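# Structure assessment
Listed below, chain by chain, are the residues.
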Amino acid sequence: MKLDQIGQALASCYDNLVAEGLPDHLAALVRRVDRAERAAHAKDRTPSSRVALVVEDEQETRDLAESVLEETDLRVVGCDNAEKALSYLQDHGGDVALVFADIRLAGAMDGMQLARAIATLWPCTRLVVTSGVDLDPGDDLPEGAVFIPKPWRAFDVLKEADRATRDPTPPVS
């Protein structure tokens, strides 16, 4: 019998066993089979063709955001400026589910200009902009974009990534 079949058989009996009192050695076996089964399924997962694009000029912050987003089903691509991000979007825009961009970027374009371009050219891409400073009164986010102030929490970034994978259309404010 294959390992996943053993796991399924044990799992189907598990509720009844718990009700009757599960011996410790059997509970340990169920946990081992369950872990092995999850590991086997994780290996079988094919990488997503959907992309999370991180646009941040500070290397450490970009690395952190990329590490957080690697915990999702999205493939992660990092860029250190808006021009590189636009170049990537021109080639792969249909695959990009989420753009996570700092407002202050090195280069000719800032994150707000990038967000406006993405909202216009790739309206189904979820936009999340971040900054360590408050938004200027004249800086209106594009419709559907989300602002997360720095220092951001990983949970907030993951929540937006989840929304990007579940509902590719940005919410209407």
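The structure contained in this document is the topic of the report that follows. The model shown is predicted, which means the values in this text are computed figures rather than measured ones.

## Focus: helix 4 (residues 82-92)
If you check which residues of helix 4 are buried, you get Ala-82, Ala-85, Leu-86, Tyr-88 and Leu-89. Buried residues of helix 4, seen end-on, are gathered within an arc of 160° and therefore sit on one face of the element. In helix 4, the exposed positions that point more than 90 degrees away from the buried face belong to Gln-90 and Asp-91. Tucked inside the fold, the buried residues of helix 4 contact strand 1 (51-55), strand 2 (75-79), strand 3 (96-102) and helix 5 (111-121). At the N-terminal boundary of helix 4, the capping side chain belongs to Asn-81, with an oxygen 3.1 Å from the backbone nitrogen of Glu-83.

## Section: helix 6 (residues 154-166)
Compared with the 18 Å implied by 1.5 Å per residue over 13 residues, the 18 Å span of helix 6 between its first and last C-alpha is a close match. Residues of helix 6 that are buried include every one of Asp-156, Val-157, Glu-160, Ala-161 and Ala-164, and no others. Projected down its long axis, helix 6 shows its buried positions confined to an angular sector of 140°, all on one face. Facing away from the buried surface of helix 6 by more than 90 degrees, the exposed residues are Phe-155 and Arg-166. Contact partners of the buried residues in helix 6: helix 3 (59-69), strand 3, strand 4 (126-131) and strand 5 (146-149).

## What about unusual backbone geometry?
Geometrically, the link from Lys-150 to Pro-151 is a cis peptide bond, its omega value of -5° lying close to zero. Tracing the backbone through its elements, the reader meets Pro-151 in the loop between strand 5 and helix 6.

How each quantity is defined
Within each chain, residue numbers correspond to sequence positions counted from 1 in written order. For this predicted model, a pLDDT threshold of at least 70 governs which residues receive local features, and a threshold of 80 or more governs which side-chain atom pairs are given and counted, while totals over whole chains, interfaces and linings are taken from all residues. Excluded from the side-chain calculations are hydrogens and water; all other atoms, namely the structure's heavy atoms, are used. Per-residue accessibility, obtained with a 1.4 Å probe over protein chains only, is compared with the maximum for each type, and a residue is labelled buried under 20%, exposed over 50%, and partly exposed between these values. Only DSSP runs of H or I with at least four residues qualify as helices, and only runs of E with at least two residues qualify as strands; both kinds are numbered from the N terminus onward. This arc is taken over the directions from the axis of the helix to the C-beta atoms. Residue contacts are counted whenever heavy atoms from the two residues lie within 4.5 Å of one another. Under the rule applied, a polar contact is a pair of N or O atoms within 3.5 Å (in protein, one hydrogen donor and one hydrogen acceptor; residues adjacent in sequence only if both atoms are side-chain atoms). By this rule the span expected of a helix is its residue count minus one, scaled by 1.5 Å.

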